[in-house]
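# Observations on the three-dimensional arrangement
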Amino acid sequence: FLLPALLAALPPAAAAPAGPEIVPGPYALGPDSHPQPGVPQGREEKFPLPTSRIFPGADHDCWVYVPAQYDASKPACVMIFQDGGGYVTRDGQWRVPVVFDNLIARKEMPVTIGIFINPGVVPAARDGALARYNRSFEYDGLGDRYARFLVEEVLPEVGKKYTLSANPDDRAIGGASSGAICAFTAAWERPDAFRRVFSTIGTYVGLRGGNDYPTLVRKYEPRPLRVFLQDGLNDLNIYGGDWWVANLAMHRSLVWAGYEVEAIWGDGAHDGKQGSAILPDALRWLWKD
């Protein structure tokens, strides 16, 4: 008979946190992802990289985008994309060079060299054997190995031909899925080298330890990073984890820990439809100020 009185004496329960705002599909590329009249076009080139030492025996396809406004006497900003072959084309899903052209011309992002890198492949050692594809090994694992690959091998090689800024605030890195957690890991491990992160449908799940990040973000002193996240509520939910839940957890941890973070959520699946549609706005936010 005392229960009603006891319940009445309790303080009111805290309101549950509001759920994420969902931007429903379908998602379409906007004008910033299409060539615009009068906008100078940069150029893309296949860029040879030597066989990696940090990932022994692995060869990486690489492309470089050079904006029309590039001046070799002035250090350019840098943005690196994992799974680069999917980002570097002008008529594919992401069309990063077209977006760069338009935003750089309007001074909505700085003059930026784009570096687009595919995962490493170790050629077959003998006839009848198969090549080894390094994507999950390089991208999904925690630790500084991939960051070292970029800092010690890729950036110095590209820097032999182009003048790149060494200021970490002038360097961004991004990707989708495993490429997204790879981008975050590089900045997490080496904030002295990368400080702007673009992450879509990120694989912050239990493949190679990425599910630990929401906890690590809360326990370690914040890095000076600016992080943009995207995911859809119909993303993967498989043996490694629930991508949607993992990305929400990453966002809540980053907010709690005091990071500068922005997120856009949708109802899409494990694909680049929403990510490519919001790419121009994401870049404007990442490069603001």
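Quick note: structure is the one above.
The text that follows walks through the structure, step by step, so that each part is easy to find.

## A short note on the packing of aromatic side chains
Applying the stated criterion across every chain, the model contains 20 aromatic pairs. Taking the centre distance of 6.3 Å and the plane angle of 45° together, the rings of Phe-55 and Tyr-146 count as tilted. Linking Phe-55 in the loop between β2 (43–46) and β3 (62–66) with Tyr-146 in helix α4 (residues 145–159), this pair joins segments that are 91 residues apart in sequence. In this pair, the class of Phe-55 matches that of Tyr-146, namely buried. Plain terms: the ring middles of Tyr-146 and Phe-149 are 5.4 Å apart, the flat faces sit at 50° to each other, and that makes the pair tilted. Residue Tyr-146 and its partner Phe-149 are both found in helix α4; the two are separated by 3 residues, about one turn of the helix. Assessed through its relative accessible area of 5%, Tyr-146 is described here as buried. Sitting over the ring of Trp-285, Arg-226 keeps its end group 5.7 Å from the ring centre.

## Looking at the side chain of Asp-140
Here Asp-140 is to be found in the loop between α3 (135–139) and α4. Put simply, Asp-140 is tucked away with no salt bridge, and the nearest opposite charge, on Arg-208, sits 4.9 Å away. In terms of polar contacts, Asp-140 uses its side chain to reach the side chain of Ser-136, at 2.9 Å. Within the structure, Asp-140 has its side chain in polar contact with the side chain of Ser-178 (distance 2.7 Å). In this structure, Asp-140 is in contact with Arg-135, Ser-178, Ile-181, Thr-203, Leu-207 and Arg-208, ignoring residues within four places of it in sequence.

## Some words on the pairing of strand β13 (residues 260–266)
Examined bridge by bridge, strand β1 (residues 22–23) and β13 share 2 bridges and lie parallel to one another. Paired with Ile-22 across the two strands is Trp-265, which belongs to β13. Taken together, the 7 bridges between strand β10 (residues 226–232) and β13 define a ladder with parallel strand orientation. Paired with Leu-229 across the bridge in β13 is Ala-263.

## Some details on a nonpolar patch on the surface
The grouping of Leu-207, Ile-238 and Tyr-239 at the surface amounts to a nonpolar patch, some 340 Å² of accessible area in total. Structurally, Ile-238 is set in strand β11 (residues 237–238). Residue classification places Ile-238 among the partly exposed residues on the basis of a relative accessible area of 39%.

## Points about α4
Under the 1.5 Å per step criterion, the end-to-end length of α4 is 20 Å for 15 residues, consistent within 8% with the ideal 21 Å. Val-151 marks the point of greatest bend in α4, at about 30°. Within the sequence span of α4, burial applies to Tyr-146, Ala-147, Phe-149, Leu-150, Glu-153, Val-154, Leu-155 and Val-158. Buried residues in α4 make contact with β3, β4 (77–82), β5 (112–117), α3, β8 (171–176) and α5 (178–189).

About the thresholds
Residues numbered from 1 in each chain as written. Predicted model: local features only at pLDDT ≥ 70, side-chain atom pairs only at ≥ 80, totals over all residues. Heavy atoms only, no water. Phe/Tyr/Trp six-rings, centres within 6.5 Å; stacked < 30°, edge-to-face > 60°. Helix = DSSP H or I, 4+ residues; strand = E, 2+ residues; numbered from the N terminus. Buried < 20%, exposed > 50% of the residue type's maximum accessible area, 1.4 Å probe, protein only. Lys NZ or Arg CZ within 6 Å of the ring centre and 35° of its normal. Lys, Arg positive; Asp, Glu negative; His and termini not counted. Salt bridge = Lys/Arg side-chain N within 4 Å of Asp/Glu carboxyl O. Polar contact = N/O pair within 3.5 Å; in protein donor to acceptor, adjacent residues only side chain to side chain. Contact = heavy atoms within 4.5 Å. Pairing = 2+ DSSP bridges. Patch = residues over 30% accessible without salt bridge, like charges linked within 9 Å, V, L, I, M, F, W, Y side chains within 5 Å. Areas by Shrake-Rupley, 256 points an atom, 1.4 Å probe, with all protein chains shown as cover. Expected span 1.5 Å × (residues − 1). Bend = angle between axes of the 7 residues up to and from the residue.

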